[in-house]
Amino acid sequence: MTKNKENKTAETQERKRKEATPFILGILFCALSLFLFIACLIYLFKWKQYLSSDGKVGEMGVEIARTFMRTFGLGAFVIPTILFLGGLQILRPNKKFVRTTAILILGAVLLSVTLTFLFAGKWLGNGLGGSFGYFIFDLLKTKIGMIGVGLLLLVLIIAYCLLITSKTVNVIKMIFHKLIALFKKIFKRKKKEPKTKRKKKEPKNVGDNVEIQPDYGSDEPTEDDGFEIITSKDSDEKPEEKSMPYIPQYDKDIDAGTTKIEEEYLDEDSLTGELYDPTKDLSGYQRPTVDLLRDYDTVGDIDKDELKRNKDKIVEILGHYKIAILKIQATVGPTVTLYEIIPKEGIRIAQIKRLEDDIALRIAAMGVRIIAPMPGKGTIGIEVPNEKPDIVSMRSIIKSAKFQESKFDLPVVLGKTILGEIYAFDLAKMPHLLVAGATGQGKSVGLNAILTSLLYKKHPAELKIVMVDPKKVELTPYNKIEKHFLAKLPDTEEPIITDTQKVVYTLKSLCMEMDSRYDLLKMAGVRNVKEYNEKFVNRRLNPLKGHRYMPYILLVIDEFADLIMTAGKEIEEPIARLAQLARAIGIHLVIATQRPTTNIITGLIKANFPARIAFRVTSMVDSRTILDVPGANRLIGRGDMLVSSGGSELIRVQCAFVDTPEVDRVTDFIRSQPGYSVAYDLPEYVDEKSAEKQIDMQNLDSMFEDAAKVVVQSQIGSTSLIQRKLSLGYNRAGRIMDQLQAAGIVGPADGSKPRQVLITDLLSLDAILAAFKK
């Protein structure tokens, strides 16, 4: 036994020695690069003085700087940069290091020659390009002359920019088109007003009001009898921006359809370098301000007596069962304190895990949970509720730097972990979320936190939400943002779906939208909606061929159990299909239920929802149904939850509290701004029974004849074409297309592709129209 311990100790020391060597070497490289950079920088501005003096970096620093700067000119700054990157490479290896180094070296050579060409002999004795740049420049000048050198450098600079980023092509095109437009504008102005002089506008002095947030620091508890207390306060909150109070104004909706988008394209050869802006129709839209949310200032001082008392009781109980510990430390969270213990060698974890109820009885607290072992640590965690829990406000986490600076596609912030850290995730990568818990434990507040996060981050053109609320009251405040964020079936009056049969139609409509989007992805040659939208924004896809910008679609169902009880398989099958396939095309699901039983959350549902949130439940069986492990039955309620993101680790989070008046203020703020003319229309789903009914050809639409001529002349059977050419709404254009199909002018629908036009000339069409007039 002693030999094994000695071997382990020796192996540990050897491993630490091996880890320390590259760390020290990396730090040395970084320090050396900083020294060289400072030496070169000083030499750049005081090189005449350094011809005879040593400067502030010593003789060695001056000599090295003189050598580098006279040889490479300003390109010498690349040398300390490469050394610094080399140090980082030693500390944390990166596959892009070789490529980055090669690009920097090429850039240094190109910079030296270019600067010599522009400023030969004006600074640093040998010029800003150094002797190396002068040598290459002189060689090229002898061979191809000054004009040839200038043109060659211009081509090389453009090629270098293309090597760095592929987006340079679009930038050059955009600059080129803007220059042409500017020259045309100037020429026209000179032609019309040859003698007028324009008055110069005096610049206005604008003062920036900066509000500095005070630092509400608190004294940290000190170590007492080997008992360590760790706290995590809000250190990542951004200062609030001062904003003017808003006055809700309604009835400002604008007609912002897709007609204008399609008119910007003529064909694939006419694509310009200007990027497409999906937010152009609502370019003046402003995201909600943080002052709409309430700040629940309930963060108090740490009760050291409570921590000491609980620690003593835990140690006492463990001592009763002859479980000796080496160390215990406490981490104070908003509602729960985590006590981490390190047991002595030879103590079995199972002995401690059996003591949950005994510790809860001794401390006189509900919701004690034991985590054995702590993931990634060599400790055992005991979670004990605080006597005076803090309220985590939605305002505090919305204004946190972690949320404000997040680059997620669908950023969601839920609350704070037991360590006091902001818990945020990307819903697009989850990709679906299952929320479950008993009645009154915080599910509706959790849904409000998810929706509020998205409303604070996304533009209406980037996100559409389909809301299903069988209880008819939980999601009512979001009615107000119908013309900004909501999506629904055509000809549906209520923006939030409450009728079970309409829910079935909506889910099948989403499946149709999913199939249509997959067809577009296949045509575009991409794998997901992010790549597709990037291609569309860069104007590499033509809307006349059916392409369109795809916003993310979020399906939110508040009470899933009620739908399963009333519709059963009609609900479960499309939900399972969407969960299996819809993530790649930007359709994501958030489903909540207060009955986490196996007949509601079936194996088919669980298999496709790897990300799950469990609020407090009444039994261990329900906890296993949601999370596959016990633990949710040990929560304390009021927003206390366990989050599983698909791995084995569960994260305990206190959900941020956002009250109904706060949601009302946010939705009022959004509604007060101009919106789209109608809500986002999902594909129209026609039930098989209603599809059997014949279309009444004796009662044709008044625009039927005009639409038929448009379709035959263009040979494109597209509803959006009729909508654009005749200035019709989507629903009316769809009905006319059904009548054209019944009349034998166009064929049946073929996914996202235009319908086949069966009539090839206007003479044949006139004969058909004459028959209907009779």
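Parameters and conventions
- Residues numbered from 1 in each chain as written.
- Predicted model: local features only at pLDDT ≥ 70, side-chain atom pairs only at ≥ 80, totals over all residues.
- Heavy atoms only, no water.
- Helix = DSSP H or I, 4+ residues; strand = E, 2+ residues; numbered from the N terminus.
- Pairing = 2+ DSSP bridges.
- Axes fitted to C-alpha atoms, helices over the stretch in contact; angles between N-to-C directions.
- Contact = heavy atoms within 4.5 Å.
- Phe/Tyr/Trp six-rings, centres within 6.5 Å; stacked < 30°, edge-to-face > 60°.
- Buried < 20%, exposed > 50% of the residue type's maximum accessible area, 1.4 Å probe, protein only.
- Expected span 1.5 Å × (residues − 1).
- Arc of directions from axis to C-beta.
- Parallel < 35°, antiparallel > 145°, perpendicular 65-115°, else oblique.
- Left-handed = near helix turned anticlockwise from the far one by under 90°.
- Nonpolar A, V, L, I, M, F, W, Y, C, P; charged D, E, K, R; others polar.
- pLDDT = per-residue confidence, 0-100.

## Some points on the environment of Lys 535
Thought 1: Considering the arrangement of structural elements, one finds Lys 535 in helix 15 (residues 529-537).
Thought 2: Linking Lys 535 and Leu 275, residues 260 residues apart in sequence, is a C-alpha distance of 10.0 Å.

## Thoughts on the pairing of strand 2 (residues 325-332)
Thought 1: In terms of strand pairing, strand 2 meets strand 3 (residues 336-343) through seven bridges, oriented antiparallel. The residue of strand 3 that forms the bridge with Thr 331 is Leu 338.
Thought 2: Where strand 2 hands over to strand 3, the hairpin turn is made up of three residues, counted between the paired strands.

## Considering the sheet that holds strand 15 (residues 650-655)
Either a parallel or an antiparallel arrangement is found when strands of a sheet pair, and the pairing is made through backbone hydrogen bonds.
Thought 1: Strand order in the open sheet formed by nine strands is 7-6-15-14-13-8-12-11-9, with mixed pairing between adjacent strands. Each edge of the open sheet is held by one strand with a lone partner, namely strand 7 (422-426) and strand 9 (463-468). Averaged over neighbouring strand pairs, the angle between their axes works out to 30 degrees when direction is ignored.
Thought 2: The sheet contact formed by strand 6 (residues 411-417) and strand 15 spans three bridges and is antiparallel. When the bridges of strand 15 are listed, Lys 416 appears paired with Gln 654.
Thought 3: Contacting strand 6, strand 8 (433-436), strand 9, strand 11 (552-557), strand 12 (587-593) and strand 15, helix 13 (residues 443-457) crosses the sheet at an angle of about 130 degrees to strand 6.
Thought 4: Seen against the sheet, helix 14 (residues 500-524) touches strand 9, strand 11 and strand 12 and runs at an angle of roughly 155 degrees to strand 11.

## A look at the packing of aromatic side chains
Thought 1: Applying the stated criterion across every chain yields a total of five aromatic pairs.
Thought 2: Geometrically, the ring pair formed by Tyr 276 and Phe 536 is edge-to-face, given 5.2 Å between the ring centres and 90 degrees between the ring planes. Here Tyr 276, found in the loop between helix 7 (259-263) and helix 8 (304-320), pairs with Phe 536, found in helix 15; they are 260 residues apart in sequence, far enough to count as distant.
Thought 3: With a relative accessible area of 8%, Tyr 276 lands in the buried category.
Thought 4: The exposure class assigned to Phe 536 is buried, which follows from its relative accessible area of 1%.
Thought 5: Here the aromatic rings of Tyr 276 and Tyr 549 are separated by 6.4 Å at their centres, their planes lie at 55 degrees, and the arrangement is tilted. Here Tyr 276, found in the loop between helix 7 and helix 8, pairs with Tyr 549, found in the loop between helix 15 and strand 11; they are 273 residues apart in sequence, far enough to count as distant.

## Considerations on helix 2 (residues 58-72)
Thought 1: Look at helix 2: 21 Å from first C-alpha to last across 15 residues, which is about the 21 Å you get at 1.5 Å a residue.
Thought 2: When helix 2 is considered as a whole, its buried residues turn out to be Gly 61, Val 62, Ala 65, Arg 66 and Met 69. Looking down the long axis of helix 2, one finds its buried residues gathered within 130 degrees of arc, a one-sided arrangement. Facing away from the buried side of helix 2, by more than 90 degrees, are the exposed residues Glu 59 and Met 60.
Thought 3: Following helix 2 by one or two positions, Gly 73 has its phi on the positive side, about 65 degrees.

## Points about the packing of helix 8 against helix 10 (residues 356-363)
Between two packed helices, what matters for the description is the angle formed by their axes and the separation of those axes.
Thought 1: Here helix 8 crosses helix 10 at 135 degrees, and the two axes come no closer than 10 Å. In this view, helix 8 runs oblique relative to helix 10, as classed from their interaxial angle. Where helix 8 crosses over helix 10, the handedness of that crossing is right-handed. When helix 8 is examined against helix 10, the residues Asn 310, Lys 313, Ile 314, Glu 316 and Ile 317 are found in contact with a partner set consisting of Asp 358, Ile 359, Arg 362 and Ile 363.
Thought 2: Its residues placed into classes, the contact of helix 8 with helix 10 shows four nonpolar, one polar and four charged.

## Quick look at the confidence of the model for the chain
Thought 1: Scored by pLDDT, the chain has a mean of 78; 78% of the residues are at 70 or more.
Thought 2: The spread of mean pLDDT over the elements of the chain runs between helix 7, the lowest at 34, and strand 11, the highest at 95.
Thought 3: Note that residues 190-225 has pLDDT below 50 and, in this model, 15 contacts with residues that lie over four places away or in other chains.

## Some words on the side chain of Thr 452
Thought 1: Relative to the helices and strands, Thr 452 resides in helix 13.
Thought 2: If sequence neighbours within four positions are ignored, Thr 452 has contacts with Met 394, Tyr 478 and Val 658.

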